[in-house]
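# Overview (structure and organization)
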Amino acid sequence: MNSPTLKHIELPIEGMTCAACASRIEKNLNKLSSVQAAVNFANEKALVNYDENQVNASTLIQAIEKAGFHVTPRSVQLQIQKMTCAACAGHIEKALNKLPGVTATVNVATEIARVNFMPGAVTIEQLIDAVVKAGYGANEISENTHTEQKARREAAYQTELRLFQISAILTLPLVLQMGAMFTGHDMDLLPRWLQWLLATPVQFWIGRRFYIGGWHALRSGGANMDVLVALGTSMAYFFSAAVTVFGLNQHVYFEASAAIITLVLLGKLMEARAKSKTSEAIEALIRLQPKTARIERHGKIIEVPANSLQVNDIFLVRAGENFPVDGVVVEGSSDVNESMLTGESLPVSKRAGAKIFAATQNQQGFLKCRATGVGTQTQLAAIIHLVEEAQGSKAPIQRMADTISGIFVPIVVIISFFTFAITGWLTGDFVTALIHAVSVLVIACPCALGLATPTAIMVGTGRGAQTGVLVKNAAALEHAEKIQTVVVDKTGTLTEGKPEVTDIVPADAHHSSDLLRIAASLEQGSEHPLARAILDHAKKMQLTLQSIQDFAAITGGGVTAQIESIHYLIGSPKLLKQHGVHADEQKINHLQAEGKTVIGVAEISTGKVLGYLAIADRLRATSRRAVERLQSLGIEVVMLTGDNAITAAAIAQEAGITKFQAEVLPADKASAVKIIKASGQFTAMVGDGINDAPALAAADVGFAIGAGSDVAIEAADITLVRNDLMSVADAISLSRATLRKIRQNLFFAFVYNTLGIPLAAIGMLNPVIAGAAMAMSSVSVVSNSLLLKRWQPQH
């Protein structure tokens, strides 16, 4: 039986107040058949995989709503084509509004459809498809969800801020009265009826959110921070109300209930501000992309929205401006600052034919470019998507915190109950017992536990993106910390990946130009990098190549072909020997000892050697320093190369590598990595080519050099935008810094709750102080994660 194909969707969720909320939503979703869900409290999103044959998106949304939360509706603008009149707008609206959860309006003048829809229930592709089926054309105008989401969060923040200000004004007289207790004055400076009057709107209007959140949590079979706050403040409030109504000779605690709510609101405001800073890296990248572009039309330069550009459009960029999309330089020359994508501060020279990327900055000249990647197809969009995916994923280290968060609140409620019962029984003072129980409820904080890992992951992956280190998921970032051995593919990783002919050594009376002509003619049909180096050198020498017949490539060795009825062989010294050709070992060893790859040319029929070509691929300027830095981190570096042992030894020595494997065929790289893993070493592989993909997948952590093939990048866990091995050391350093922050956060969260709850239980913490401590605990965790923004790569 075929396994079902799971669909993947991302749902933005409103209303979560702590990690227990995230756990409850996860639990509700995972109860559904075929559903695999992970909810991230830090970025307020649920990543869901499900089988469409068993569950639909509406069912997922209903499960979230049933748990007391809300899936944020999304809006999109579609540029409509082929409309001719107002009736067309009506047809399109009708077609769109038939889709589940969709409301659409079409402006016939601007030819723009504004569509509101529920993420997961409908995709943008389905919206466009509905317009196309109605007989029109459509494409997304990406005034993207980042701006929309930021505006929504800012509006929610301002609403919360106003509520906090009102709450603070109402609570301040009560807190001032509490201060009188510490100075020995009469505690009831305010009449009790006035205290009750001030505390009531704080409890039931400002604090309404805690009751609603708590009710939804309990109704769905869980409990969260809202339950603790609602229960704790209600106990203090209703006890005080009873004392006031019945005129009992007891102290009232209206100031405690009001102050706790006010302080929790303050903590949430500070937490929201701090959390918003964890995604600043993505927002900074988005801001870099210009909103408009200049194009040439009918001999005039006009300004158009950048998101209206199509592939192959010609656009113009002046000095000091950012490129609106990815493209290729058609005309002009300049230096371009690509530091926002690569982290490399030095500008890159661009000429006709050179690639340019959206958001990078043209520093000097005037460039005319052709668009090759627009909208979501730019490298910037790919980076943003990759970072968002990583920030939405969960690190293995988070599992323990999630487990504890799920059972935390019920345990605290039980502790609070026993605190009340035991304190009342031992002291006979049930008022004091009540206050101790309230302190236990309000000091407990599942939020700090829930935020400890995701906030650090968000800041770490964002900081990585700013420096050219793109992490595929949180697990990869965690695993990078454990690396003990880094396996490096020589070509294109340690070296520049641009082999060049350095020596032409003819045998007997042959001339060097004749030897090069024959070699280049034989290599005409080969795609091997060494073949291209020979062809490039022949082109530079302006040699005319001869036609060949019976071309045959020998994997990992060379080629054979006929030129004017003579059967030639070109390839490695090992291949020459296999064909019975006697090579000059002394010449070959001399060239190989200099770190050069030697290629021999021979006539097969006579076994006569025509000569040798030496080819060298220069070591990158930073490779030796990168190897030294990795070794200083306690990591062993192993080089894999298809070169012979002598050449490999020379290159390894130049790079500062003591361990290498020579004559490794492309197909054997993955096996070499598996053997190193089997020795018990936590292994990383660094590569850039298509033939590196199996080895990257075989390693515990795969690093793909950014200039490498798409296949290698897809197989890798971490992509390095810069063509520099130093980025591997940067990635490992970033991983260690991030995991250090996570452990600090988890330690603080555990210690805070481990110490705070017992202290509250024995009466050493006033409820107001306990509430303040709870409010600040999550803020301190997020603030500690934000310190990761100080991390810097080494150059």
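Reading the values: the criteria
- Here, residues in each chain are numbered from 1, in the same order as that chain's written sequence.
- In keeping with the predicted nature of the model, local features appear solely for residues at pLDDT of at least 70, side-chain atom pairs appear and are counted solely at 80 or more, and the whole-chain, interface and lining totals rest on all residues.
- To get the side-chain values, all heavy atoms of the structure are used, and hydrogens and water are removed first.
- DSSP bridges decide pairing: two strands pair if at least two such bridges lie between them.
- Going along the chain from the N terminus, every DSSP run of H or I of four or more residues is numbered as a helix, and every run of E of two or more is numbered as a strand.
- Per-residue accessibility, obtained with a 1.4 Å probe over protein chains only, is compared with the maximum for each type, and a residue is labelled buried under 20%, exposed over 50%, and partly exposed between these values.
- Note on contacts: a residue pair qualifies if any of its non-hydrogen atoms lie within 4.5 Å across the two residues.
- Aromatic pairing here means that ring centres of Phe, Tyr or Trp (its six-membered ring) are within 6.5 Å. Orientation follows from the plane angle: under 30 degrees is stacked, over 60 is edge-to-face, and everything else is tilted.
- Salt bridge criterion: a side-chain nitrogen from Lys or Arg within 4 Å of a carboxyl oxygen from Asp or Glu.
- Between N-to-C directions, angles cover 0 to 180 degrees, with each direction set by a line fitted to C-alpha atoms, over the stretch in contact for helices.
- Roughly parallel here means an angle under 35 degrees, roughly antiparallel means over 145, roughly perpendicular means 65 to 115, and every remaining angle is called oblique.
- Each residue gets one of three labels, nonpolar for Ala, Val, Leu, Ile, Met, Phe, Trp, Tyr, Cys and Pro, charged for Asp, Glu, Lys and Arg, and polar for the others, Gly among them.

## Here's the deal with the sheet that holds strand E2 (residues 36-40)
Within a sheet, adjacent strands bond to each other through the backbone by hydrogen bonds, running parallel or antiparallel. Read across the open sheet, the four strands follow the order E2-E3-E1-E4; overall the sheet is antiparallel. The strands lining the two open edges of the sheet, one partner per strand, are E2 and strand E4 (70-71). Alignment of strand E1 (residues 7-14) against strand E3 (residues 45-50), held across six bridges, turns out to be antiparallel. Paired with Lys-7 across the strands is Tyr-50, a residue of E3.

## Observations regarding helix H23 (residues 645-655)
Within the sequence span of H23, burial applies to Thr-647, Ala-648, Ala-650, Ile-651, Ala-652 and Ala-655. Those residues of H23 that are buried lie in contact with helix H17 (490-494), helix H21 (585-592), strand E24 (597-603), helix H22 (623-632), strand E26 (636-640) and strand E27 (659-661). In the stretch just after H23, Gly-656 is the one whose phi turns positive, near 85°.

## As for the packing of aromatic side chains
This structure, assessed with the given rule, holds nine aromatic pairs. A ring pair is formed by Tyr-237 and Phe-238, whose centres lie 5.3 Å apart and whose planes are at 85°; its orientation type is edge-to-face. Of the residues examined, Phe-238 reaches a relative accessible area of 47% and is grouped as partly exposed. An angle of 40° between the planes, with centres 6.2 Å apart, marks the rings of Phe-239 and Tyr-253 as tilted. Of this pair, Phe-239 sits in helix H8 (residues 225-246) while Tyr-253 sits in the loop between H8 and helix H9 (254-278), and the two are 14 residues apart along the sequence. Accessibility assignment for this pair places Phe-239 and Tyr-253 in one class, buried. Counting every residue linked through ring pairs, the aromatic cluster contains Phe-204, Tyr-211, Tyr-237, Phe-238 and Phe-254.

## A word on the pattern of salt bridges
Under the counting rule described, the total for this entry stands at 19 salt bridges. Among the ionic pairs, Glu-160 bridges to Arg-209, the shortest N-O distance being 2.5 Å. Of this pair, Glu-160 sits in helix H5 (residues 145-182) while Arg-209 sits in helix H7 (residues 208-219), and the two are 49 residues apart along the sequence. Of the charged contacts in the structure, one is a salt bridge between Arg-743 and Glu-481, with a shortest N-O distance of 2.7 Å. In this pair, Arg-743 is assigned in helix H27 (residues 726-761) and Glu-481 in the loop between helix H16 (474-480) and strand E19 (485-489), connecting sequence segments 262 residues apart. Several salt bridges converge on common partners, so that one network encompasses Arg-294, Glu-303, Arg-318 and Glu-321.

## Things to note about the packing of H27 against helix H28 (residues 767-786)
In contact at an axis separation of 9 Å, H27 and H28 are set at 170° when each is read in the N-to-C sense. One way to sum up the angle between H27 and H28 is to call them roughly antiparallel. Every residue of H28 that contacts H27 at Lys-741, Gln-744, Asn-745, Phe-748 and Tyr-752 is listed here: Ala-770, Ala-773, Met-774, Ser-777, Ser-780, Val-781, Asn-784 and Ser-785. The residue inventory of the contact of H27 with H28, partitioned by class, reads six nonpolar, six polar and one charged.

## Some thoughts on unusual backbone geometry
Phi is positive for Ser-34, close to 75°, though the residue is something other than glycine. For Ser-34, the position within the fold is in the loop between helix H1 (19-30) and E2. Its identity as a non-glycine residue notwithstanding, Asn-312 has a phi of 80°, on the positive side. Here Asn-312 lies in the loop between strand E10 (300-305) and strand E11 (314-317). Take Asn-312: its relative accessible area is 48%, and that puts it in the partly exposed class.

## Remarks on the environment of Ala-520
Residue position: Ala-520 is located in helix H18 (residues 512-522). The exposure class assigned to Ala-520 is buried, which follows from its relative accessible area of 0%. Along the backbone, Ala-520 and Leu-759 are 239 residues apart, and their C-alpha atoms lie at a distance of 82 Å. Look past the residues within four positions of Ala-520 in its chain and what remains in contact with it is Ile-534, Leu-535, Ala-538 and Leu-545.

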